[in-house]
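What the coordinates show
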Amino acid sequence: MRLLRRVAFFAFAALCCTVRPTSAKNYTVSVSPLRWGFAGCGHITNNFAAAVESLPRSEHLLQAFASRNASRAEEYKARFGAVKAYGSYEELAQDPEVDVVYIGTINPSHFEVANLMMDHGKHVLCEKPLTLKAEEAAKLIQRSEQLKLFFQEAVWSRFFPAYHRLRQELPSLGEIKTVMVNKGQTSGSYSHRFYRKELGGGALKDIGGYAIQFAILVFGNEMPEKISAVALLNNETIDTTTSLLIQWKMVELRNWQSVR
């Protein structure tokens with residue numbers, strides 16, 4: 001599992017590599033290292049930073065870590081040999097030596113932090129869920145297009161070798177009518193963020209995207225005709241289990257996700 005995650009995060013980092021032209025006259029180019037900043041210093045940031053660290057320094061550099069806990073940022077700076085550590089996301093956004101920011105903060109802050117980084121011309125790779133509201137995601141997408149900035153949700157499974165093979169094989173499989181996806185995991189204590197409303201928890205937001213994006217991979221980007229859902233809610237009205245039935249034209253996805 002650790003190897004698979006490393007391969008996936010490697011693919012994310014490689015995808016974001018930039019090539020900057022130095023001379024329009026003779027069309028020669030020079031490849032400059034992509035300088036990464038990290039907003040949030042949690043477990044998932046640790047995994048992604050480890051993957052970036054494994055890449056050639058001529059292509060990718062760990063430039064800065066930022067956390068609202070300054071000592072946490074300093075800890076990550078020391079762990080990965082980064083250049084800088086900041087006690088606020090504003091300082092990271094203002095750093096002219098950061099090209100792209102990976103956002104690994106808690107779910108409810110994704111919209112705010114992504115907007116902040118775009119305000120300062122940073123490219124953004126944001127952990128899932130991209131935002132908690134559809135209209136927020138739409139605003140960020142529109143803004144990134146207007147500013148000509150790279151902006152992507154970090155759906156790491158899309159970069160698995162198995163997914164690449166699936167994309168190659170899909171045309172030979174004929175007309176696919178149904179996709180069934182089951183995704184579940186044990187999430188430990190009920191005090192965990194998965195179960196807390198103020199932290200953007202819930203089965204659908206946290207792991208449901210894996211199932212939905214898989215169906216989109218198979219059926220394409222066309223909007224479905226109908227979505228039906230049923231869920232079990234805890235005392236904070238957070239879904240601990242969600243079942244979805246998503247219907248496209250002449251096809252359907254049966255999708256079960258759960259967090260226990």
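Section: the overall build of the chain
Scanning the chain from N- to C-terminus turns up eight helices and 12 strands. Looking at the chain as a whole, 43% of its 260 residues qualify as buried. Intrachain contacts of the chain at a sequence separation of at least 6 include 63% that bridge at least 24 residues. Accessible area of the chain: about 14,000 Å², with a carbon and sulfur share of 55%.

Topic: the packing of aromatic side chains
Inspection of every chain in the model, using the stated rule, returns 14 aromatic pairs. Where Y163 meets F214, the ring centres are 5.9 Å apart and the plane angle is 80°; that geometry is what we call edge-to-face. Pair noted here: Y163 is in helix α7 (residues 161–169) and F214 is in helix α8 (residues 203–219), with a separation of 51 residues, a long-range link. Classification of F214 by relative accessible area gives partly exposed; the value is 25%.

Considerations on the nonpolar core
One finds A39, L92, I103, M117, V124 and F151 to be the most contacted residues of the largest nonpolar core, which totals 22 residues. Mapped onto this core, the elements with two or more residues apiece are β4 (60–66), α4 (89–93), β6 (100–103), α5 (110–119), β7 (123–126) and α6 (134–147). It is α5 that provides the largest number of residues to this core, a total of five residues. If near-sequence neighbours (up to four positions away) are discounted, L92 is found in contact with G37, F38, A39, A64, A66, Y86, V98, V101, M117 and K122. Among the nonpolar cores identified, the runner-up in size contains 17 residues, and A49, V100, Y102 and A154 belong to it.

Procedures and definitions
- Residues numbered from 1 in each chain as written.
- Predicted model: local features only at pLDDT ≥ 70, side-chain atom pairs only at ≥ 80, totals over all residues.
- Heavy atoms only, no water.
- Helix = DSSP H or I, 4+ residues; strand = E, 2+ residues; numbered from the N terminus.
- Buried < 20%, exposed > 50% of the residue type's maximum accessible area, 1.4 Å probe, protein only.
- Contact = heavy atoms within 4.5 Å.
- Areas by Shrake-Rupley, 256 points an atom, 1.4 Å probe, with all protein chains shown as cover.
- Phe/Tyr/Trp six-rings, centres within 6.5 Å; stacked < 30°, edge-to-face > 60°.
- Core = buried A, V, L, I, M, F, W, Y, C linked by side-chain atoms within 4.5 Å.

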